[in-house]
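# Coordinate analysis (summary)
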Amino acid sequence: MLGQLFRRSCLASQLLAYQPRHFSTSSVLQYTRKSAGSTIRVPSKKAQAAKTRRKAAIAAKENERYLKLTLQDAISVLRAVEVAFPKSTYELTVKTKIGNGVAVPRGRVSLPREAKPKAEDKILVFAEGRLAEDAKKAGAHIVGGLELIDGILNNRHRATTILCTPSLIKAITPKLGRFLGPLGLMPSERRGTVTEDVVGYIQRLRGTSEWRADRTGTIRAPIAMMDFPMDDVVTNFRQFLTSVKKATGNSKDPEAADRKLKNSGGGRPVIAITKVMLSSSRGPGIRIADF
């Protein structure tokens, strides 16, 4: 009996303690286009320039952390590493900074003393009439007109250099532009491969070799053998870098400056050279300070 009374008293106390909850509603916030647009911040030109300067300063500070040697010191280090392998080669690596829409650097160079035997260029020329005859006499391997297009597309005609006369360039571009363009073989006036002076161009190819950067802007080339005298290695290095600087717009050659002034478009953009390294087959990659 006492237990029942105790339970009832507990239940009564719980009912008295219960307080009903009251909910209130609030008006829904209206999302307007005006408020949404105000949250988008567009940095000013001044802020963008400051950000660019900060990035350049950070990159320069990071660049100072790496050890750099003069060219002669780098050659001495690599020669000591390869002392038992006199037939090893010095490998030159040049890193360039290419942007969107900028063609990868490429050019030709004639080294005073070649590190390796040159691969023979196979020259194809789109020409007709007298210019075709002149091209054959100058040493072109394949010469013809529009009938060569199918052979190129089917890989029957393979060439390392393709030239074209101005009268035929408009006819071959629609069919070959997308095929030869990615390969870097499409004739163009900018590179001088669309020309009336086919003979002169072929003669300039003699004794030179072509270099070309990859898609990341990196140029790699053997420039000397380990048993070359130091003076020959230095000369080859300087000659190759001169060719790269001309192709990237970093050369202070007066003739290049004149061509830039004559170009109504203001000339090609300068492609920055960010790193130059010399290495060997078994040696480390050494950054060059005096390039």
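In this report, we go over the structure that sits alongside the text.

Parameters at a glance
Residues numbered from 1 in each chain as written. Predicted model: local features only at pLDDT ≥ 70, side-chain atom pairs only at ≥ 80, totals over all residues. Heavy atoms only, no water. Buried < 20%, exposed > 50% of the residue type's maximum accessible area, 1.4 Å probe, protein only. Helix = DSSP H or I, 4+ residues; strand = E, 2+ residues; numbered from the N terminus. Contact = heavy atoms within 4.5 Å. Expected span 1.5 Å × (residues − 1). Salt bridge = Lys/Arg side-chain N within 4 Å of Asp/Glu carboxyl O. Pairing = 2+ DSSP bridges. Axes fitted to C-alpha atoms, helices over the stretch in contact; angles between N-to-C directions. Core = buried A, V, L, I, M, F, W, Y, C linked by side-chain atoms within 4.5 Å. Phe/Tyr/Trp six-rings, centres within 6.5 Å; stacked < 30°, edge-to-face > 60°. Lys NZ or Arg CZ within 6 Å of the ring centre and 35° of its normal.

### Some points on helix 8 (residues 198–205)
Buried within helix 8 are the following residues: V198, G200, Y201, I202 and L205. Among the structural elements, strand 3 (106–109), strand 4 (123–126), helix 5 (130–138) and strand 6 (161–164) are those in contact with the buried residues of helix 8. Downstream of helix 8 by one or two residues, G207 has phi in the positive range, about 80°.

### Remarks on helix 9 (residues 230–248)
Between its first and last C-alpha, helix 9 extends 27 Å over 19 residues, near the 27 Å set by a 1.5 Å rise per residue. Looking only at helix 9, the buried set comprises V233, V234, N236, F237, F240, L241, S243, V244, A247 and T248. Downstream of helix 9 by one or two residues, G249 has phi in the positive range, about 85°.

### Some words on the pattern of salt bridges
Throughout the structure, instances matching the rule amount to seven salt bridges. Here E82 makes a salt bridge to R282, at a shortest N to O gap of 3.2 Å. Remark: R282 occurs in the loop between strand 9 (272–280) and strand 10 (286–288) and E82 occurs in the loop between helix 4 (71–81) and strand 2 (89–97); sequence separation between them is 200 residues. Accessibility expressed as a relative area gives 47% for R282, which makes it partly exposed. Linking R113 and D232 is a salt bridge whose minimum nitrogen-to-oxygen distance equals 3.0 Å. Of this pair, R113 sits in the loop between strand 3 and strand 4 while D232 sits in helix 9, and the two are 119 residues apart along the sequence.

### As for the sheet that holds strand 6
One open sheet accounts for three strands, arranged 5-4-6; its pairing is parallel. On the outer flanks of this sheet lie strand 5 (142–144) and strand 6, each paired with one strand and no other. Mean inter-strand twist for the sheet, computed between neighbouring axes without regard to direction, equals 10°. Inspection of the sheet shows strand 4 paired to strand 6 by four bridges, in the parallel sense. When the sheet's bridge partners are listed, F126 is paired in strand 6 with C164. Set on the sheet, helix 7 (residues 166–180) makes contact with strand 4 and strand 6; between it and strand 6 the angle comes to about 145°. Its contacts with the sheet put helix 8 on strand 4 and strand 6, and the angle it makes with strand 6 is roughly 160°.

### Overview of the nonpolar core
Y90 and F240 are the most contacted members of the largest nonpolar core, which has 30 residues in total. For this core, the elements supplying multiple residues, two or more each, are helix 4, strand 2, strand 8 (218–225), helix 9, strand 9 and strand 10. The element that contributes the greatest number of residues to this core is helix 9, accounting for seven residues. When residues no more than four places from it in sequence are discounted, the contact partners of F240 are L92, V109, L111, W211, I219, A221 and I223. If you look at the next biggest cluster of nonpolar residues, it comprises 17 residues, including F126, I149, A159 and M186.

### Here's the deal with the packing of aromatic side chains
This structure, assessed with the given rule, holds one aromatic pair. Looking at R113, its charged tip hangs above the ring of F228, at a distance of 3.9 Å from the centre. Above the plane of the ring of F85 lies R282, whose end atom (NZ or CZ) is 3.6 Å from the centre.

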